[in-house]
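So you can see what is in the structure, the chains are spelled out below.
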Amino acid sequence: MKLLWQMDVPVDPKLITLMQTAADCALLQEGVLRPCAVSVRLCGDEEIHAINREYRQVDRATDVLSFPTINYPQGVTAGKADKLLRQELDDEVDACMLGDLILSVPHIYAQAEEYGHSPMREAAYLLVHGICHLMGYDHIEPEDQRSMRAMEEKILSAIGMSRDGESTVTDETLLSLAREAMKRSYSPYSHFAVGAALLCADGRIYQGCNIENAAYGLANCAERTALFKAVSEGATEFTAIAIAAENAAPWPCGACRQALNEFAPDLRVLVTWGDGQKDEMNLKQLLPHGFGAAELNGKPY
Ligand code: THU
């Protein structure tokens with residue numbers, strides 16, 4: 001999902017990364033295959049108050065406002081509305097515009113504190129709630145409310161943020177995000193597209209694809225793209241990586257094994273290829289006797 005951000009206030013990049021994953025998973029869980037986009041404005045209470053007053057005649061600040069572009073027929077949601085989605089194709093964005101979301105950043109922090117969970121979970125919940133509205137869900141009738149809650153819960157559990165406490169991201173989510181990242185591979189020379197999704201200990205997920213260059217030797221693998229994005233955003237603890245390719249099991253190359261070993265020698269490495277084939281190994285199995293800081297410092301053999 002393309003999120004077109006407008007940030008009126010400074011926002012912790014951790015929240016942005018998690019909200020991007022939540023948005024991607026919302027489309028996956030809803031079964032929307034078409035590229036979609038949502039504009040997301042992160043603002044203060046004054047701004048959301050003004051928008052609430054102007055567009056909904058409600059004279060108070062709130063946590064999230066959603067303005068869908070599609071008028072879904074009763075009982076129909078985005079996964080079953082391909083024709084309607086297609087009509088919202090925006091050539092400039094190269095995706096179907098589902099609508100606008102406004103989130104109050106002060107509300108994210110205040111509600112996290114009130115409910116006793118992390119701001120990450122609250123931000124994910126509010127974004128997912130808003131995206132569900134943009135996908136045609138509502139909570140006016142009890143039956144509609146039940147299906148909206150069920151979809152919210154499905155998306156939040158997929159990213160390890162379900163109601164019954166923070167769990168772990170499912171392997172299926174990580175594999176799907178690697179497959180999505182593969183679609184963004186820049187590999188005009190080898191035509192070997194690779195995507196990766198790296199799971200951080202705090203629940204963030206960084207995606208990466210391979211990026212080639214006319215000077216062939218400069219190609220960067222998908223795994224290291226994801227790793228370098230993560231480390232440069234302050235993440236250094238990782239629990240799993242999923243790697244996707246089209247026709248062959250994309251076990252990481254030697255350089256990527258070594259780069260991953262620096263931060264997570266016990267990393268779970270999941271690979272997927274073809275029409276859903278998968279396999280898993282531990283980085284220790286893929287890189288026995290790996291070289292690390294301990295050896296540099298003269299660890300006895
Ligand atoms: N590649 C990866 O992205 N990850 C790997 O682990 C193996 C290879 C990429 C690099 C290059 O763009 C293409 O695959 C063919 O070597």
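That block above? That's the structure.
Asker: So what exactly am I meant to see when it comes to the nonpolar core here?
Answerer: General note: in soluble globular proteins, nonpolar side chains tend to be found buried as a group. If you look at the biggest cluster of nonpolar residues, it comprises 47 residues, and the most contacted ones within it are Met 1, Leu 85, Leu 98, Leu 103 and Met 135. Going through the elements one at a time, α1 (13–30), β2 (36–43), β5 (95–104), α4 (105–115), α5 (119–134) and α6 (142–158) are the ones with two or more residues in this core. Examining the composition of this core, we find that 10 residues originate from one element, α5, more than from any other. Leaving out residues up to four positions away in the same chain, Leu 85 has contacts with Val 32, Arg 34, Cys 36, Ile 70, Tyr 72, Ala 78, Cys 96 and Leu 98. Grouped together as the second largest cluster of nonpolar side chains are 22 residues, Leu 198, Phe 238, Leu 267 and Val 271 included.

Asker: Sorry, what's going on with the packing of aromatic side chains here?
Answerer: Aromatic ring pairs are defined here through the distance separating the ring centres and the angle between the ring planes. Applying the stated rule across the entire model yields 3 aromatic pairs. Judged by centre distance (5.7 Å) and plane angle (65°), the ring pair of Tyr 55 and Phe 67 falls under edge-to-face. Placement of the pair is Tyr 55 in helix α2 (residues 45–56) and Phe 67 in strand β3 (residues 64–68), with a sequence separation of 12 residues. Taking the relative accessible area as the measure of exposure, Tyr 55 reaches 53% and is therefore exposed. With a relative accessible area of 24%, Phe 67 lands in the partly exposed category. Ring centres of Tyr 189 and Tyr 216 lie 5.4 Å apart, and the angle between their planes is 40°; on these two criteria the pair is classed as tilted. With a gap of 27 residues between them, Tyr 189 in the loop between α7 (171–182) and β6 (194–200) and Tyr 216 in the loop between β7 (205–209) and α8 (222–232) connect regions that are remote in the sequence. For Tyr 189, a relative accessible area of 36% gives the class partly exposed. Classification of Tyr 216 as exposed rests on a relative accessible area of 62%.

Asker: In this structure, what is going on with the environment of Ala 95? I would like to understand it.
Answerer: Here Ala 95 lies in strand β5. It is 28 Å that separates the C-alpha atoms of Ala 95 and Ile 241, two residues lying 146 residues apart in sequence.

Asker: I'm lost on the packing of α5 against α6 in this one. Help?
Answerer: In the contact formed by α5 and α6, the axes pass within 10 Å of each other and the chain directions differ by 135°. Classed by the angle they form, the pair α5 and α6 counts as oblique. Relative to α6, α5 is oriented so that their crossing is right-handed. Listed contacts from α6 to Arg 121, Ala 124, Tyr 125, Val 128, His 129, Cys 132 and His 133 of α5 are Met 148, Arg 149, Met 151, Glu 152, Ile 155 and Leu 156. Its residues assigned to classes, the contact of α5 with α6 comprises 8 nonpolar, 2 polar and 3 charged.

Asker: What's the story with the site of the ligand in this structure? I'm lost.
Answerer: In the vicinity of the ligand, the contacting residues are Ser 190, Phe 192, Val 194, Asn 210, Glu 212, Cys 221, Ala 222, Glu 223, Trp 251, Pro 252 and Cys 253. Ala 222 places a main-chain nitrogen or oxygen 2.9 Å from an oxygen atom of the ligand. One of the backbone N or O atoms of Cys 253 is found 3.1 Å from an oxygen atom in the ligand. When the free accessible area of the ligand is taken as 370 Å², the share hidden by the protein chains comes to 77%. A class-by-class count of the residues in the shell around the ligand yields 7 nonpolar, 2 polar and 2 charged.

Asker: Looking at this structure, how should I read the environment of Ala 201?
Answerer: Within the secondary structure, Ala 201 is located in the loop between β6 and β7. When the C-alpha atoms of Ala 201 and Thr 239 are compared, they prove to be 5.9 Å apart, with 38 residues separating the residues in sequence. Dropping the residues within four chain positions of it, Ala 201 is found in contact with Glu 237, Phe 238 and Thr 239.

Asker: Is there a simple way to explain the pattern of salt bridges in this structure?
Answerer: Once the charged atoms of two side chains with opposite charge are near each other, the side chains can pair. Per the counting criterion, the structure on display carries 11 salt bridges. Linking Lys 183 and Glu 180 is a salt bridge whose minimum nitrogen-to-oxygen distance equals 2.9 Å. With a relative accessible area of 59%, Lys 183 lands in the exposed category. Judged by relative accessible area, which is 26%, Glu 180 ranks as partly exposed. One continuous salt-bridge network, built from bridges that share partners, spans Asp 171, Arg 268 and Glu 280.

Cut-offs used in this document
Residues numbered from 1 in each chain as written. Predicted model: local features only at pLDDT ≥ 70, side-chain atom pairs only at ≥ 80, totals over all residues. Heavy atoms only, no water. Core = buried A, V, L, I, M, F, W, Y, C linked by side-chain atoms within 4.5 Å. Buried < 20%, exposed > 50% of the residue type's maximum accessible area, 1.4 Å probe, protein only. Helix = DSSP H or I, 4+ residues; strand = E, 2+ residues; numbered from the N terminus. Contact = heavy atoms within 4.5 Å. Phe/Tyr/Trp six-rings, centres within 6.5 Å; stacked < 30°, edge-to-face > 60°. Axes fitted to C-alpha atoms, helices over the stretch in contact; angles between N-to-C directions. Parallel < 35°, antiparallel > 145°, perpendicular 65-115°, else oblique. Left-handed = near helix turned anticlockwise from the far one by under 90°. Nonpolar A, V, L, I, M, F, W, Y, C, P; charged D, E, K, R; others polar. Near = heavy atom within 4 Å. Polar contact = N/O pair within 3.5 Å; in protein donor to acceptor, adjacent residues only side chain to side chain. Areas by Shrake-Rupley, 256 points an atom, 1.4 Å probe, with all protein chains shown as cover. Salt bridge = Lys/Arg side-chain N within 4 Å of Asp/Glu carboxyl O.

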